[in-house]
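Letter by letter, the chains look like this.
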Amino acid sequence: MSAVAGGLFSPIGLVLLLPALMVRGDWWRVRWRLENTLLLFAAVWACLVIAIRGSDGMAGSLPYFLFLWTLPHILASYKPDQKTVRKFESLLLILFVIDVIFNVGTLITGADLLGRDLDRRDGVLAGLGRLGGIFGHSFYSGAISLAALLTLVARHRLSWIVVLPAVNLIIAGSWRFTLVLFIVAILAIRWRQRSRFAEIATVIVISLAIVTGVLMTSGLFNSEWVTNTSNAFRVFAWFNALEKIAQSPWIGVGYPNEKAIGEVGVSFDSLDEYLIAESWYLGSAITFGVPYTLLFLGAFLAAFLGPNFTRRNLTQAILYPLILIDLTYGSFFGGLLIYFWLWLLIVSTPVSLEVLVPPRKIVCTKDHRKSGS
């Protein structure tokens, strides 16, 4: 847990995963699954792309991609159990409480508690900007609130408390998070009765509805819908990404730089220059090519729809399809906190009912038989 908590502030903190693996790792009985194989192939493909295309512009992103590619394999050896999951979810709730304190402090004082610049873009609530919480960024605050919301909903205790992460999600300011609340409610309905086909159909229908809504509010078509500037940029990014992918579908065209666009501001030129796709599906194909996207997505689908499907709990039944939906028009689920939680849930769910350590054999001796034992 300390490795993840440290990694939220600096990638160096993730190094603590290695001594944890050395202490608890079980190298001769790795919990290897189909998703691990697909992720391994995806990582190999990405490394080949880097070797072919060069690593210029990759330096800042490499630690992040190494984390994406290695974490599931580390957990396959670490073999987390439900106790580990509970501890991590307690960490999520602690982060949420701190995040709420920061946001309330901002509301009261009108300034960030650490003196950081506030995001002055219009939020969901009139006259209120996008509050960033502990990390000073609305998407991080939203991700923490969403994780806390799902954790509290799944625990079925003090149900009224789920209002707090819902409110914190709204004051994060992004319309995406408000939409997420409705999607969570939809995914929570009759989740035990949904088959694999129904699950995928639900994901596709909601994703298409969101894409349609973005297109209709982008100003691209003559409609009575109010034009949303962010959606205009998003649609441009989608079409721009599709054009670039068509140019080089196998190895992509370059490495996106979201940090740079945060410094220069969002514009049609900056989206083009820094390869911002506004969709994980398109962005991953721009970065490492379509085969990488299919392999990485295949790994997640294998974990979602494979043997784990019938053993999923409420948290997983909401989180897994929600990730697939979000990847259509964003990628904030690729953040360290949610990504770690995702694979922790996946790996901690056993693929079979057999125990990891076989029971000791009981040898019945002749003397025992004679005594009736």
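Details of the structure are given in the entry above.
Residues numbered from 1 in each chain as written. Predicted model: local features only at pLDDT ≥ 70, side-chain atom pairs only at ≥ 80, totals over all residues. Heavy atoms only, no water.

1. With respect to the packing of aromatic side chains
Thinking step 1. Summed over the entire model, instances satisfying the criterion amount to 22 aromatic pairs.
Thinking step 2. Residues F139 and F177 carry aromatic rings whose centres are separated by 5.7 Å and whose planes lie at 75° to one another, so their mutual orientation is edge-to-face. Residue F139 is found in helix α6 (residues 138-155), and its partner F177 is found in helix α8 (residues 175-188); the two are separated by 38 residues along the sequence.
Thinking step 3. Take F139: its relative accessible area is 23%, and that puts it in the partly exposed class. (Phe/Tyr/Trp six-rings, centres within 6.5 Å; stacked < 30°, edge-to-face > 60°. Helix = DSSP H or I, 4+ residues; strand = E, 2+ residues; numbered from the N terminus. Buried < 20%, exposed > 50% of the residue type's maximum accessible area, 1.4 Å probe, protein only.)

2. Considerations on the packing of helix α5 (residues 82-109) against helix α7 (residues 163-171)
Thinking step 1. At a closest axis distance of 11 Å, the pairing of α5 and α7 adopts a crossing angle of 50°. It follows that α5 is oblique to α7 by the angle criterion. You can see that α5 and α7 cross each other, and the crossing is left-handed. For the pair α5 and α7, the contacting residues are F96, D99, V100, N103 and L107 in the first and L164, P165, N168 and I171 in the second.
Thinking step 2. Here the contact of α5 with α7 is built from residues that sort into six nonpolar, two polar and one charged. (Axes fitted to C-alpha atoms, helices over the stretch in contact; angles between N-to-C directions. Parallel < 35°, antiparallel > 145°, perpendicular 65-115°, else oblique. Left-handed = near helix turned anticlockwise from the far one by under 90°. Contact = heavy atoms within 4.5 Å. Nonpolar A, V, L, I, M, F, W, Y, C, P; charged D, E, K, R; others polar.)

3. A word on the pattern of salt bridges
Thinking step 1. Scanning the entire structure with this criterion turns up six salt bridges.
Thinking step 2. E35 is the partner of R33 in a salt bridge, and the nearest nitrogen-oxygen pair spans 4.0 Å. Taken individually, R33 and E35 each receive the classification buried, so the pair is uniform in this respect.
Thinking step 3. Note that R194 is salt-bridged to E199, the shortest N-O span being 2.7 Å. A single burial state applies to R194 and to E199, both of which are buried.
Thinking step 4. Beyond isolated ion pairs, a larger network of salt bridges with shared partners links R194, E199 and R312. (Salt bridge = Lys/Arg side-chain N within 4 Å of Asp/Glu carboxyl O.)

4. Focus: the nonpolar core
Thinking step 1. Core analysis: the largest hydrophobic core is formed by 93 residues, its most contacted members being W69, L146, F288, F296 and W341.
Thinking step 2. Among the elements that take part in this core, helix α16 (residues 336-348) stands out by supplying twelve residues, more than any other.
Thinking step 3. Aside from chain neighbours lying at most four places away, what touches L146 is L169, V180, V184, L322, F332 and F333.
Thinking step 4. Counting residues in hydrophobic clusters, the runner-up holds seven residues, among them F233, A237, I261 and I276. (Core = buried A, V, L, I, M, F, W, Y, C linked by side-chain atoms within 4.5 Å.)

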